[in-house]
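# Close look at the chain arrangement
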Amino acid sequence: MKQLKLFLAFFLGALGFARAQATPDTVFASLDTNAILIGQQAKLQLTFQGTGKKNVLFPSVADTFSMLEVLSRSGIDTLANTESGLTLSQTLMITGFDSGYHVIVPFNFLITGPDKGDTARMATKPLLLQVQTIPVDTTQSIKDIKEIEQVPFSIFDHIGWILLAWC
């Protein structure tokens with residue numbers, strides 16, 4: 001009975017070690033919020049997590065995608081780089097000027113391992129961002145932003161035209 005417990009403990013430990021060693025690479029995208037007002041900004045973070053030595057090619061994101069605009073993009077940041085793990089991240093500041101729900105399509109990463117034939121394409125899951133309008137009270141009448149202001153007449157403002165006409 002003691003040998004069975006010892007064998008079972010060894011087997012489960014080896015299985016856990018093998019599972020920890022065979023952790024697959026993952027890529028994901030995340031938003032800091034799922035709803036913004038027109039013109040507000042949201043952070044879109046692209047992340048790669050993997051094991052071993054890998055070369056990771058991040059997706060090339062256009063300035064406009066899914067009716068959203070990229071305002072700025074950070075460089076690719078190495079969060080952890082050890083023998084057992086690698087985490088890379090890039091943050092994009094995005095905004096939208098068209099109200100509604102916008103599907104952020106999956107981003108494709110190209111991962112190359114230490115062997116030349118060890119290449120994989122991985123894609124993130126799609127995201128949904130809601131761009132909301134500012135509520136307008138239609139019961140109120142439309143008003144000007146500011147009243148029209150009369151500018152006082154000054155001869156010095158027109159002296160150039162007067163001299164030009166006189167010559």
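Residues numbered from 1 in each chain as written. Predicted model: local features only at pLDDT ≥ 70, side-chain atom pairs only at ≥ 80, totals over all residues. Heavy atoms only, no water.

## Some thoughts on unusual backbone geometry
Among all residues except glycine, the phi angle is most often negative; among peptide bonds, the trans geometry is most common. Even without being glycine, serine 66 reaches a positive phi, approximately 50°. Relative to the assigned elements, serine 66 resides in the loop between strand E5 (64-65) and strand E6 (68-73). Located in the positive-phi region is methionine 67, a residue other than glycine, with phi close to 60°. If you trace the backbone, methionine 67 turns up in the loop between E5 and E6. On the accessibility criterion, methionine 67 (52% relative accessible area) is exposed. (Helix = DSSP H or I, 4+ residues; strand = E, 2+ residues; numbered from the N terminus. Buried < 20%, exposed > 50% of the residue type's maximum accessible area, 1.4 Å probe, protein only.)

## Observations concerning the pattern of salt bridges
Enumeration over the complete set of coordinates arrives at two salt bridges. The residue aspartate 25 makes a salt bridge to lysine 54 at a minimum N-O spacing of 3.1 Å. Taken together, the residues aspartate 25 in the loop between helix H1 (2-21) and strand E1 (26-31) and lysine 54 in the loop between strand E3 (41-50) and strand E4 (55-57) connect sequence positions 29 residues apart. As a salt-bridge pair, aspartate 63 and arginine 73 come within 3.0 Å of each other at their nearest N and O atoms. In this pair, aspartate 63 sits in the loop between E4 and E5 while arginine 73 sits in strand E6, placing the two residues 10 residues apart along the sequence. (Salt bridge = Lys/Arg side-chain N within 4 Å of Asp/Glu carboxyl O.)

So, to be careful, I would describe these as geometric facts and stop short of saying anything about function.
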